[in-house]
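One letter stands for each residue in the lines below.
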Amino acid sequence: MEPESGISTQRQRRTTFQVSWASLSRDLILAYQSFGVVYGDLSTSPLYVYSSTFSGKLEKHHLSQDAIFGAFSLIFWTLTLIPLLKYVFVLLSADDNGEGGTFALYSLLCRHAKFSLLPNQQAADEELSAYKYGPSSQPVASSPFKRFLEKHKRLRTALLIVVLFGACMVIGDGVLTPAISVLSSVSGLEITEKKLTSGELLLLACVILVGLFALQHCGTHRVAFLFAPIVLIWLLSIFSIGLYNTIRWNPKVVYAFSPHYIIKFFSETGKDGWISLGGVLLSITGTEAMFADLGHFTALSIRLAFAFVVYPCLVVQYMGQAAYLSKNPQKIHSGFYNSIPEPVFWPVFVVATLAAIVGSQAVITATFSIVKQCHALGCFPRVKVVHTSKHIYGQIYIPEINWILMILTLAITIGFQDTNLIGNAYGLACMTVMFVTTFLMALVIVFVWQKSMVLAAAFLIFFWLIEGVYLSAAFIKVPQGGWVPLVLSFIFMLVMYVWHYGTRRKYNFDLHNKVSLKWLLGLGPSLGIVRVPGIGLIYSELATGVPAIFSHFVTNLPAFHKVLVFVCVKSVPVPYVSPEERFLIGRICPRPYRMYRCIVRYGYKDIQRDDGDFENQLIQSIAEFIQMEAVEPQFLGSESSSLDGRMAVISTRTLQSSLSLVASEQEDFGASNSIQSSRSLTLQSLRSVYDDENPQMRRRQVRFQLPSTPNMDPAVRDELMDLIQAKEAGVAYIMGHSYVKARRSSSFLKKLVIDIGYSFLRKNCRGPAVALNIPHISLIEVGMIYYV
């Protein structure tokens, strides 16, 4: 027996080793790929950190070896405490189903405490597999602090404002990063033999920036294979140059690893040294990307890449630059390029420019993601979201935002023409985002990780003290360029607030003007009007009840479709909703009314793709629900549940193997006799013309048939037949074309916000029909005025 047990133990060890090696190799590949996406911004900081730190009075009065060593010591400890300790060791553990960033922390908080302000949330959303995630999947007793925050809506609103303010600062990063990175990289041409004038450098930078934004529509996946090698070559280059400069110019710089030099620095420089911290903090710009881009990689891959490659390369580069500047203080303005040995100057210059473009690219893509997430929270107008990669899920492109960013970036580049001024703005934006992230992380420690408030307070105070000192230094420079992110954030916050306020008011109007079910039941199954063949999909933001546009339509037109489906497309506070859980199907009113409800759920990082198959999935889902309802008695437990009650999750992936309906594709779009008999020739000819003019919008034509099940309930068979016939007769999409106006009794400020601000945003953003990929030929819009 012993030899057999020994062999089995060896097999287990071998299997475990194979699994761990496969996992490690996957993480190593992801770590390599992360260089091109995550670290482009952080790794280009050496281009401008020392020149930004030693500007103004510090350069005039304190440009000594001790001051330069003190600045390096500050940079080393800042890199160690914030990116390494805070982000790599703490924040990367606070992911939301593998996703990171400010919205991931907020989403976790909303699910573990009732902080969410999203309308139309339901108890069924809490049954999503991605909803309960993290250590607190077990129910726990509610703390007094948690109850206090949940009770006061103003505190929950303040939390959302803090999150949105952080998001606006990230958008500010998307404007400032390309400007400072590209300007700093091309500034190397100032020290060459054929010096370019500042005007020529500015023109070159603008050309690169326009090219960068113009190529965004291609998506990063087209050139992604180039990104990681560029950044890796860049990191190895700066490591080698740093090591060379340390050995050649001043090996004593290694003593500056001691924090004693920081104390010495401040004792000599005083207030000037404190103000210079606005330049030192530029060494950690781009750190937030490690957490924000977590969804594309794994926490271990990002930790490996930073701890073993990025961190040592940056430390050695800053050390080498300090060694060079300690012997050549007069060259502080272009310290990086002056410190490059002459034989390798041009290769390093080319790699630096490419690395700056890669870093800018990553931040612009992150800005698109932030805007998309703000929209999912109901805090940003509808914009066109283009999915640029079939393989990498999170890569998106938003044309409107791209061109706005380009105009703002060019305006800042041309307006300032100085990396020091742009650096002041950039540092303030980055440190504000970190400040917000620390605050949200402290709440996550309490509510999600369920640790003691003492631990959360210790984390908050420790990092807020460090970041607060940097933030105060950055605020001192508000008159010297620091006002830019504040103005940009104010503008974007204003847009977000107006849109959120108007959308909530409109939703509340719908909520208070719902159609009474008693009124519907009083009309009878015919609804008191002619029920014409076909399916009517009535879109509304309401997840319960019947919207006011239904009664508005019924009272103005004498006919309605035989089958009615109330569709609600909504966001839930999880990053992704799996296809198996996307559809919630239920019934409104008793069976003879043929009225159903369909709720389509998306996460804050989901993309609503137009695969042209929504109608067919919906019909199959309703058929599945009808059969499920007949088989499972809990769906008919009470009279109320049959009126507007229990909703079932219908998996779109299991529908292919379902026996509810048999689907077959049609080759000829107009060949079906049943369609010809139930749809007018005029409508058929209109649709064929529309399909010819819009081939990309052509829907897949599918015919449904009942399965040959002999023991099917006759009532179920009749209902399924009605559904099939209605589908063949055609599907109409009914939406409210709403005009939102403030009541006459409203205050002047409310009228300004609703009648001017919100109306302007609604007119200039994408229409809901376009955003939901509704075919124009099948759309019916019901005009309504909302007095909110």
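In this text the structure is predicted, and so the values were computed from the model without any measurement.

Calculation notes
Residues numbered from 1 in each chain as written. Predicted model: local features only at pLDDT ≥ 70, side-chain atom pairs only at ≥ 80, totals over all residues. Heavy atoms only, no water. Pairing = 2+ DSSP bridges. Helix = DSSP H or I, 4+ residues; strand = E, 2+ residues; numbered from the N terminus. Axes fitted to C-alpha atoms, helices over the stretch in contact; angles between N-to-C directions. Contact = heavy atoms within 4.5 Å. Parallel < 35°, antiparallel > 145°, perpendicular 65-115°, else oblique. Left-handed = near helix turned anticlockwise from the far one by under 90°. Nonpolar A, V, L, I, M, F, W, Y, C, P; charged D, E, K, R; others polar. Buried < 20%, exposed > 50% of the residue type's maximum accessible area, 1.4 Å probe, protein only.

Caption draft 1: Quick look at the sheet that holds strand E6 (residues 595–602). The strand order E7-E5-E6-E4-E3-E10-E11 describes an open sheet built from seven strands, whose pairing is mixed. This sheet does not close on itself; its edge strands, each paired only once, are strand E7 (648–650) and strand E11 (779–787). Strand after strand, the sheet turns through a mean of 30° between neighbouring axes, direction not considered. Bridge count for strand E3 (residues 530–539) against strand E4 (residues 559–571) is eight bridges, and the pairing is parallel. Within E4, the residue paired with arginine 531 across the bridge is phenylalanine 560. The strands that helix H21 (residues 478–512) touches are strand E10 (731–741) and E11; relative to E11, the one it contacts most, it runs at about 95°. Its contacts with the sheet place helix H23 (residues 548–556) against E3, E4, E6, E10 and E11, and it is angled at close to 110° to E11.

Caption draft 2: Region of the structure containing the packing of helix H19 (residues 419–447) against H21. Packing of H19 against H21 brings their axes to within 7 Å, and their N-to-C directions diverge by 45°. Taken together, the axes of H19 and H21 are oblique relative to one another. Crossing hand, H19 versus H21: right-handed. Here Leu421, Asn424, Ala425, Leu428 and Ala429 of H19 lie close against H21, whose contacting residues are Val478, Gln480, Gly481, Gly482, Val484, Pro485 and Leu486. Broken down by class, the residue content of the contact of H19 with H21 amounts to eight nonpolar, four polar and no charged.

Caption draft 3: Fine view of the environment of histidine 296. Mapped onto the elements of the fold, histidine 296 is located in the loop between helix H14 (288–292) and helix H15 (299–327). Judged by its relative accessible area of 30%, histidine 296 is partly exposed.

Caption draft 4: Local environment of unusual backbone geometry. Of note in the backbone geometry, glutamine 450 takes a positive phi value of approximately 55° without being a glycine. Mapping glutamine 450 onto the fold places it in the loop between H19 and helix H20 (453–476). Here glutamine 450 falls in the partly exposed class, since its relative accessible area comes to 35%. The backbone phi angle of arginine 594 is positive, close to 55°, even though this residue is not glycine. Looking at the element boundaries, arginine 594 is found in the loop between strand E5 (583–587) and E6. Residue arginine 594 is classed as buried on the basis of its relative accessible area, which comes to 12%.

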